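# Structure at a glance
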2 protein chains.
Amino acid sequence: MCLSSAQHVIASTDSAKPAKYVFVFIGDGMGLPQVASAEIYSSALKSGKYPEAPRVLSFTKFPAQGLTTTHDASSFITDSASSGTAIATGNKTLNGVISMDVDKKNELKSVATMAKEKGMKVGIISSVSIDHATPAVFYANVPSRKMMYEIGLQLADSGFDFFAGGGVVDPDGKKSKMEKKPGNVIEYAKQKGYKIVDNKEAFSALKPDGSKVWAVTEMPADESAMLYEIDRPKDAVSLSDYTSKAIELLDNPNGFFVMVEGGKIDWACHANDAMSAIKDVFAFDDAVKKAVDFANAHPDETLIIVTGDHECGGMTLGFAGTKYDTFFQKLQHQKISYVKFDQKLGQFKSSNPNAQLKDVMPLITESFGLTNKGGKSEMDLTEYEISLLKDSFAETMKAEDARSSDDGAYIAYGGYEPLTVTITHILNRKAGIGWTSYSHTGVPVPTYAFGAGAKTFDGYYDNTEIFSKLVSLMKI
Amino acid sequence: MCLSSAQHVIASTDSAKPAKYVFVFIGDGMGLPQVASAEIYSSALKSGKYPEAPRVLSFTKFPAQGLTTTHDASSFITDSASSGTAIATGNKTLNGVISMDVDKKNELKSVATMAKEKGMKVGIISSVSIDHATPAVFYANVPSRKMMYEIGLQLADSGFDFFAGGGVVDPDGKKSKMEKKPGNVIEYAKQKGYKIVDNKEAFSALKPDGSKVWAVTEMPADESAMLYEIDRPKDAVSLSDYTSKAIELLDNPNGFFVMVEGGKIDWACHANDAMSAIKDVFAFDDAVKKAVDFANAHPDETLIIVTGDHECGGMTLGFAGTKYDTFFQKLQHQKISYVKFDQKLGQFKSSNPNAQLKDVMPLITESFGLTNKGGKSEMDLTEYEISLLKDSFAETMKAEDARSSDDGAYIAYGGYEPLTVTITHILNRKAGIGWTSYSHTGVPVPTYAFGAGAKTFDGYYDNTEIFSKLVSLMKI
C-alpha cells in the first residue's frame, strides 16, 4: 500500500517564507468532546424548531485540522508533562517528566528556546500556575513536574520576554531538596531583570519598552491558578487580555513565539464539571481570537496552532438516562464552579454540622438550578437522583478520615467532595453529558491550524510532529 | 476573519478526472474511540518495554483525514437513518427517516442512484440485515426505517447490481401496512431478475456474467445480521469476502459505486461490548484493505472514503478505576460476543433455575476470562466487581416482568441481559474502557480518504458534505 501522508507535508512547505509570528494554543484536557460540547451548548441556547449547526468557536473554522495521537513513551494515557514535552521538543518521554528524555538525564530543547536563540521574542501564558507542567516544558528541564521551585527558578533564568497567568506554587522552595536555594522565586526573577506585575492597573499600563515582564493574576485561586472563567468577575484580567498584551509587547521585526495554555479546562474535566470546562473553552477561544485578529493583519507570516495535550475525564456527549436526547441548555443554570461551591459547602458544614440534605438544597438550587418540586420543572430531581444526593451528602458530612474508601466510592466521587461531584454528575447527565474517569484518557485530540503553512497540520499525526512541523515552518 | 475551508476544496477538484471507482465504507457507530481502541488493543498485545505507536488500521494511514459533524435536522444525536440520509443524499432529515425530507413527503435521490443512472454499476454490502437503515438510505425512500418490508421491495426494484451481507427482517411483510403485498421479498427479487445466493459454495462460484446478484449470509444471526466477527467461523464468508466479490463482479469500463457498512460495530457498542466492537472494526478494516488493493492497481481513478455515521455508546479510553493506566490485553480473554453469551446463559438458566453466581462462574471464566481466585491473577474480580455481578445475576435470574425498571436499573443495564452487560462493563473497565450510554452520542466522527480527490476530505465538515464532495469528484 502506498500510504504516506508525510510526503505531501514536506513538499508543500519547502519554498514558503518562514512563519515569523507563531502562536501555539494548548487546551489542556481539550479533546473532541470538550470542543463539541462548547459548540453544542452555544447552539442549544438558541431557540428554534431545529438547532443551528454547532460551529461557534473560532478555531473549528480554521482551514486546516488534524487528529493527533497523545500516548507517551510508556503509556497510552499521557499526563501534561509528557504530552507537553512531545509538543514542545518533539520527543516522547515518561509521565511527569519536563523536557527531559526517558532516562531523565538529557535535557531536550524546546521550540520556544530555539525561537529565542534565533532572536525571536517569546511569551508563555497559562490560566493555571505558570510553573505547571504545560507552560514549564517550554522553558524548564527537570525530571519531575513536582519540582516546582526549580521550575520557577528556571523560568527566571530562561530570559523569555513575557510570562503571564497564574502564580507559582512553591515560591520559597519549601518542597524543594535543593541544597543552596537562591531565595524566593519572584525576588530571584526581579534580580534577573523581570518586571513583576500583579495587579490590573499596572498590567494595563504595560507598554513595549524592552523589559522582560512577568504578569501574575491579581486574583490567585485554587493552587495559584487564575479563577475559573465561570467565577471570574467581568473586569478581572482574562486569558484573552494576557494574549493581547503579549502581542502588544512582543511584536518586533524578528517575530515572536507565544504559547497560551487553557489549563483550567483540564481541571474542570478532572472534577467532571462540564459547565466550568465549557466556559473555560470559551475563555480559551477568546484568546485565540486575539491571535486570529493579529494574523489577519499579518497574513503570510503568522501561524496559529490550536491543540489539546490529551482528553480529560472521558467526557461524552450522550448519557444512558437521556438516550438520544440532549438538553445542554440546562447547564446554564450552573452559576459557579465546583471549587467555589466546595468553599460554600465548607462554610455550610461548619455552621450546620447536623444538617440534612433539605437544609443544603437552597444552596444547590442557587448554584446549579437543581430543584425538588415534584416534577414541575425540567430541573427537578428524580427519585433516583435524590437517592444519589442523599448518599453523597452523608459522605460529605462525615469527617474526611471516616469516608468510604472502597472502589465503588472512588468510582462515584474520584476523591472530590462527594456532594459536589454528585451534583455536577447529575446536572451533566440531565444535559446529556457522561464522564467515565477523573483522569486523562487515551483518545486522539483535534489540532487546528490557521495561517502560514497551516495545511501541513491536516491529517493524522503524533503530537511529536507538532514540534517538527513548527520547526520546519519557522525555519529555526 | 477570513476562515473558509470550502474554497480550497472546490479549487483542487475542478480539473481532475472523475473518480470512476468509488468505495464508501461506513463504520456504523464508529467514532474516534472505536478506531483508537482497535489500534491500542493491537499495540497492547505486542510486548516490549514501551508500547508500539498504535497505527495498525489501513485507513488511519490514509493521506486525507477529516472530522465530520453528525447532528440531524432536529437533534444533536443522530440515528443511522438520518445520518445515512445525510451521507447518501446530502440532506439533513429526522431520526428514523430513510432518504426523505423532514416533511417525510419528498424523496431524496442518493449518490448510489445517481451513479446507477450515469451507467456505473452499484453494490451495497452490510454486516447487518440489508434492509437496515444504513444500507437502505442508498436504495430506498420511506418515511420510517421500521418499514422493512417496503425497504426490501425497493431493494428489488432498485436495479442495483450487487447486494450482500445479512438477510431481511420482514420478508413476508407481517409488520407492513401495505394493502396489496406482492409476496415474499426474496421471491419478488427473483422476479426482478436477482440471482439469490445464500450459501458459501454458490457465492464462491459467482462470476461476472452481467446478472444482478443478492448474496445473503449462510449463517444469519441476531436480527438477520451476519455473525459478530468474534463468533464467525474462520471459513464462513466475511465482510471482506463480500467486498472482494463486489469488486470482481462490478468492475467494468463505466466504473462502480460500492457502499460497505460495518453495522455490527454499532450493535456491539450499544451493548457496551468493546471486544466484539474491536473485532468488528478489524473485519471492517479487512474489507477496506480489499478496496485499497484495487485502488493501488487503479490509481488516479479510484476513491475510497471511510467514515462513521455517529459514535455509539459514549465509549472512552479511560476509566475512573484504572486512572492513567490501560490494560487492553485483558480483552483478549473474551472468546464470544455478548449475544452468544446471552444464548448460553439462557440455556444455563433453563437447566439451573435456582442457581447461584458461583454456579455460572465457570461459564463466565470460559467466555470472558474473569476469575475469582482471590487476587492471584490479573483477571481476578475485586470485591466491588463481585458485588456488581451478584446484583446483576439476581436480576438475570428473575422473570423479565419482575425485573427492576427504575432509572438506576436502566443506567446499569440499558435493557440488556443484566449479568451479561455487567460482565462486559467489568471486563472493559479492567482494560481501561468506559461507556456512558446504550445509545449513540453527538461527538463528531473521523472521515478518512484515499485516492482520486482524497484531499478534499481533509478538514472539518458536516456529513452532508460527504455527499457533495462525492458528487463533485464523481462528476455525476
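A quick note: this is a predicted structure, and the numbers were derived from the prediction, not measured.

## Here's the deal with the sheet that holds strand β4 (residues 162-165) of chain B
Residue and element names in this part refer to chain B. The mixed open sheet is built from ten strands, whose spatial order is β5-β6-β4-β3-β7-β1-β8-β11-β2-β12. Every interior strand has two partners, whereas the edge strands, β5 (194-197) and β12 (459-462), have only one. Within the sheet, the average angular offset between the axes of one strand and its neighbour, ignoring direction, is 15 degrees. One ladder, built from four bridges, connects β5 with strand β6 (residues 212-216); its direction is parallel.

## Let's talk about the domain arrangement of chain A
All names here are of chain A. On domain assignment, one finds that chain A holds domain 1 (14-315 + 439-474) and domain 2 (317-434). Each side of the interface is counted separately: domain 1 has 23 residues, and domain 2 has 19 residues. Area buried by domain 1 at its contact with domain 2 is led by Asp 231, Ala 271 and Asn 272, which between them contribute 24% of it. Our count for the contact surface shared by domain 1 and domain 2 stands at zero salt bridges. Contributing elements (two or more residues each) for the side of domain 1 that touches domain 2: α2 (32-45), α10 (264-270) and α11 (274-297). When the residues that make up the side of domain 1 that touches domain 2 are grouped by side-chain class, the tally is 15 nonpolar, five polar and three charged.

## As for the relation of the copies chain A and chain B
When chain A is fitted to chain B, the residual RMSD is 0.0 Å, and the transformation amounts to a turn of 180 degrees plus an axial shift of 0.0 Å. Taken together, the rotation angle and the small translation identify this as a two-fold axis. Counting the interface residues of chain A, we find that 100% of their copies in chain B are interface residues as well, pointing to one common contact surface.

## Structural notes on α2 of chain A
For α2 of chain A, spanning 14 residues, the distance from its first C-alpha to its last is 20 Å, which sits close to the expected 20 Å at 1.5 Å a residue. Among the 14 residues of α2 of chain A, 13 are classified as buried, and the element is accordingly described as predominantly covered.

## Notes on the side chain of Asp 231 of chain B
Residues and elements named next belong to chain B. As for its placement among the helices and strands, Asp 231 is situated in the loop between β6 and α9 (239-250). In this structure Asp 231 is buried but unpaired, with Lys 340 as the nearest side chain of opposite charge at 4.7 Å. Residues contacting Asp 231, with those up to four places away along its chain left out, are Ile 336, Ser 337 and Lys 340.

## Brief notes about the pattern of salt bridges
All names here are of chain A. Within the structure shown, the criterion is met by 40 salt bridges over all chains. A salt bridge links Lys 430 to Glu 385, with the nearest nitrogen and oxygen atoms 3.0 Å apart. Of this pair, Lys 430 sits in helix α16 (residues 418-431) while Glu 385 is found in helix α14 (residues 383-397), placing the two residues 45 residues apart along the sequence. Neither Lys 430 nor Glu 385 differs from the other in exposure class; each is buried. In this structure, a network of salt bridges that share partners links the residues Lys 207, Lys 245 and Glu 248.

## Structural notes on the environment of Ala 225 of chain B
Residues and elements named next belong to chain B. Inspection of the secondary structure assignment puts Ala 225 in the loop between β6 and α9. For the pair Ala 225 and Val 128, spaced 97 residues apart in sequence, the C-alpha separation works out to 3.9 Å. Leaving out residues up to four positions away in the same chain, Ala 225 has contacts with Ser 127, Val 128, Ser 129, Gly 166, Thr 217, Met 219, Pro 220, Lys 264 and Trp 267.

## What about the packing of aromatic side chains?
Applying the stated criterion across every chain, the model contains 44 aromatic pairs over all chains. For the pair Phe 59 of chain B and Phe 284 of chain B, a centre-to-centre distance of 6.1 Å together with 75 degrees between the ring planes defines the contact as edge-to-face. Of this pair, Phe 59 of chain B sits in the loop between α2 (32-45) and β2 (64-69) while Phe 284 of chain B sits in helix α11 (residues 274-297), and the two are 225 residues apart along the sequence. Residue Phe 59 of chain B shares its accessibility class with Phe 284 of chain B, and that shared class is buried. Judged by centre distance (5.9 Å) and plane angle (80 degrees), the rings of Tyr 338 of chain B and Tyr 416 of chain B are edge-to-face. Remark: Tyr 416 of chain B occurs in the loop between α15 (407-413) and α16 (418-431) and Tyr 338 of chain B occurs in helix α12 (residues 338-351); sequence separation between them is 78 residues. Take Tyr 416 of chain B: its relative accessible area is 22%, and that puts it in the partly exposed class. One aromatic cluster is present, formed by Tyr 21, Phe 23, Phe 25, Phe 59, Phe 256, Phe 284, Phe 294 and Tyr 448 of chain A through successive ring pairs. Stacked on the ring of Tyr 228 of chain B, the Lys or Arg Lys 264 of chain B has its end atom at 4.0 Å from the ring centre. Looking at Lys 330 of chain B, its charged tip hangs above the ring of Phe 327 of chain B, at a distance of 4.6 Å from the centre.

## Thoughts on the pairing of strand β7 (residues 256-262) of chain A
Residue and element names in this part refer to chain A. Burial within β7 is extensive, with seven of its seven residues counted as buried. Of the two faces of β7, both are covered, the one formed by Phe 256, Val 258, Val 260 and Gly 262 as well as the one formed by Phe 257, Met 259 and Glu 261. Note: strand β1 (residues 21-27) against β7, seven bridges, orientation parallel. Paired with Ile 26 across the strands is Glu 261, a residue of β7. Relative to β7, strand β3 (residues 121-126) runs parallel, the two sharing six bridges.

## Considering the packing of α12 of chain B against α16 of chain B
Residues and elements named next belong to chain B. Running from N to C, α12 and α16 point in directions that differ by 140 degrees, and their axes come no closer than 10 Å. When the axis of α12 is compared with that of α16, the two are oblique. The chirality of how α12 crosses α16 is right-handed. Only Leu 419, Thr 420 and Ile 423 of α16 make contact with α12, whose side of the interface consists of Tyr 338, Phe 341, Asp 342 and Leu 345.

## Some thoughts on the environment of Ala 394 of chain A
Residues and elements named next belong to chain A. Note that Ala 394 resides in helix α14. Under the relative-accessibility criterion, Ala 394 is labelled partly exposed at 39%. Residues Ala 394 and Ala 355, 39 residues apart in the sequence, show an inter-C-alpha distance of 9.7 Å.

## Focus: the confidence of the model for chain A
All names here are of chain A. Across chain A, the average pLDDT comes to 94, with 95% of residues at or above 70. Predicted confidence is poor over residues 1-14, with pLDDT under 50, and the contacts of this stretch with residues over four places away or in other chains come to 22 contacts. The complex model carries a pTM of 0.95, and its ipTM stands at 0.94.

## Remarks on the interface of chain A and chain B
The partner chain B presents 72 residues to the 72 residues of chain A that form the contact. Counting the contacts that link chain A with chain B gives zero salt bridges. Put simply, the parts of the chain that give the side of chain A that touches chain B at least two residues each are α2, β2 (64-69), α11, α15 (407-413), β10 (440-441), β11 (445-451) and β12 (459-462) of chain A. Top element by residues in the side of chain A that touches chain B is α2 of chain A. It accounts for seven residues. Residue classes in the side of chain A that touches chain B are distributed as 36 nonpolar, 27 polar and nine charged.

## Digging into the pairing of strand β4 (residues 162-165) of chain A
Residue and element names in this part refer to chain A. Going residue by residue along β4, you find Phe 162 and Ala 164 tucked away on one face and Phe 163 and Gly 165 tucked away on the opposite face as well. Where β3 and β4 come together, four bridges link them in parallel fashion. Residue Ile 124 lies in a different strand from β4, and its bridge partner there is Phe 163.

## Re unusual backbone geometry
One can expect most non-glycine residues to show negative phi and most peptide bonds to be in trans. Residue and element names in this part refer to chain B. The backbone of Lys 104 sits at a positive phi, close to 60 degrees, despite the residue not being glycine. Mapped onto the fold, Lys 104 is located in the loop between α3 (80-89) and α4 (111-117). Lys 104 gets classed as partly exposed once you look at its relative accessible area, which sits at 40%. Located in the positive-phi region is Ser 224, a residue other than glycine, with phi close to 65 degrees.

## With respect to the packing of helix α9 (residues 239-250) of chain A against α11 of chain A
Residues and elements named next belong to chain A. At a closest axis distance of 7 Å, the pairing of α9 and α11 adopts a crossing angle of 25 degrees. Our classification of the angle between α9 and α11 gives roughly parallel. Here α9 runs over α11; the crossing is right-handed. Here Leu 239, Ser 240, Thr 243, Ser 244 and Ile 247 of α9 come into contact with α11, specifically with Ala 283, Phe 284, Asp 286, Ala 287, Lys 290, Ala 291 and Phe 294. Its residues assigned to classes, the contact of α9 with α11 comprises seven nonpolar, three polar and two charged.

## Considering the sheet that holds β7 of chain A
Strands belonging to one sheet form pairs held by backbone hydrogen bonds; the direction of such a pair is parallel or antiparallel. Residue and element names in this part refer to chain A. The strand order across the open sheet built from ten strands is β5-β6-β4-β3-β7-β1-β8-β11-β2-β12, with neighbouring strands paired in mixed fashion. In this open sheet, the two edge strands, each paired with only one partner strand, are β5 (194-197) and β12. The mean angle between the axes of side-by-side strands here comes to 15 degrees, regardless of whether they run parallel or antiparallel. In this sheet, β11 lies alongside β2 in antiparallel orientation, the contact comprising five bridges. Paired with Leu 67 across the bridge in β11 is Pro 446.

Parameters and conventions
- Residues numbered from 1 in each chain as written.
- Chains lettered and ligands numbered in written order.
- Predicted model: local features only at pLDDT ≥ 70, side-chain atom pairs only at ≥ 80, totals over all residues.
- Heavy atoms only, no water.
- Pairing = 2+ DSSP bridges.
- Helix = DSSP H or I, 4+ residues; strand = E, 2+ residues; numbered from the N terminus.
- Axes fitted to C-alpha atoms, helices over the stretch in contact; angles between N-to-C directions.
- Domains from an automatic or database assignment.
- Contact = heavy atoms within 4.5 Å.
- Buried area = accessible area lost by both parts, 1.4 Å probe.
- Salt bridge = Lys/Arg side-chain N within 4 Å of Asp/Glu carboxyl O.
- Nonpolar A, V, L, I, M, F, W, Y, C, P; charged D, E, K, R; others polar.
- Least-squares fit on C-alpha atoms with pLDDT ≥ 70 in both.
- Expected span 1.5 Å × (residues − 1).
- Buried < 20%, exposed > 50% of the residue type's maximum accessible area, 1.4 Å probe, protein only.
- Lys, Arg positive; Asp, Glu negative; His and termini not counted.
- Phe/Tyr/Trp six-rings, centres within 6.5 Å; stacked < 30°, edge-to-face > 60°.
- Lys NZ or Arg CZ within 6 Å of the ring centre and 35° of its normal.
- Parallel < 35°, antiparallel > 145°, perpendicular 65-115°, else oblique.
- Left-handed = near helix turned anticlockwise from the far one by under 90°.
- pLDDT = per-residue confidence, 0-100.

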